Amino acid sequence: MSAVYFLCGETDQKLLLEDTPSIKTQKLISIIKEQLIAVKVHYQKDKETKLCSQKTEIFALLIGKDKPTLKKIEESEIYLDDLPQEIANIFIEEQQASVSFQIYP
């Protein structure tokens, strides 16, 4: 998991399992970079509650495949208060119903 956080430029120390990538993590990062094309995260706020859904899309060129593969990962709903502050502010201050970010590259 640390490899993904380092690739995406995560700086929240609570989410990182190591301060600097270990040799094992560095090797994993190298392998991932060869196949990973993009990672996008989409947040959708429920109009009536403080719940948000999060959808992660991973685009990769997998070994043995001729074209990129899209993998969608649905995650549990997240309370607005538990979102990163930057995302919560978009929902609260800008009154947006949905937010999308490309977190890699």
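Presented here is a report on the structure given in the accompanying data block. (Residues numbered from 1 in each chain as written. Predicted model: local features only at pLDDT ≥ 70, side-chain atom pairs only at ≥ 80, totals over all residues. Heavy atoms only, no water.)

1. Here's the deal with the overall build of the protein
In terms of regular secondary structure, the protein is built from three helices and five strands. Taken from N to C terminus, the helices and strands of the protein fall in the order α-α-β-β-β-β-α-β. Taken over the C-alpha atoms alone, the protein extends approximately 45 × 35 × 20 Å along its principal axes. A buried classification covers 27% of the 105 residues belonging to the protein. Of all intrachain contacts in the protein linking residues separated by at least 6 positions in sequence, the fraction that spans at least 24 positions is 43%. Counting every atom, the protein has about 7,700 Å² of accessible surface; 52% of that belongs to carbon and sulfur. The averaged location of the 17 negative side-chain charges in the protein is 8 Å from the averaged location of its 13 positive side-chain charges. (Helix = DSSP H or I, 4+ residues; strand = E, 2+ residues; numbered from the N terminus. Buried < 20%, exposed > 50% of the residue type's maximum accessible area, 1.4 Å probe, protein only. Contact = heavy atoms within 4.5 Å. Areas by Shrake-Rupley, 256 points an atom, 1.4 Å probe, with all protein chains shown as cover. Lys, Arg positive; Asp, Glu negative; His and termini not counted. Charge placed at Lys NZ, Arg CZ, Asp CG, Glu CD.)

2. Some details on helix α3 (residues 85–93)
For α3, every residue scored as buried is listed here: I87, A88, I90 and F91. Relative to the axis of α3, the buried residues are bounded by an arc of 155° and lie together on one face. Among the exposed residues of α3, those oriented more than 90 degrees off its buried face are Q85, E86 and E93. In the core, the buried residues of α3 are packed alongside β1 (36–45), β2 (51–60) and β5 (98–104). Positive phi appears at Q95, one or two residues downstream of α3, with a value of about 55°. (Arc of directions from axis to C-beta.)

3. Focus: the side chain of T25
Secondary-structure assignment places T25 in helix α2 (residues 23–35). By relative accessible area, T25 is classed as buried at 9%.

4. Points about the environment of I37
Relative to the assigned elements, I37 resides in strand β1. Look at I37 and you get partly exposed, because its relative accessible area is 38%. Along the sequence, I37 and Y104 sit 67 residues apart, while their C-alpha atoms lie 7.7 Å from each other. Ignoring anything within four residues of it in the chain, the contact list for I37 reads F59, A60, L61, P68, Y104 and P105.

5. Concerning the nonpolar core
Counting eleven residues, the largest nonpolar core is built from V41, Y43, C52, I78, L80, L83, I87, A88, I90, F91 and V99. Elements with a contribution of two residues or more to this core: β1 and α3. No other element matches α3, which puts four residues into this core. With residues near it in sequence (within four places) discarded, L80 still touches K45, K50, C52, A88, F91 and I92. A3, I29, L36 and Y104 belong to the second largest nonpolar core, which has six residues in total. (Core = buried A, V, L, I, M, F, W, Y, C linked by side-chain atoms within 4.5 Å.)

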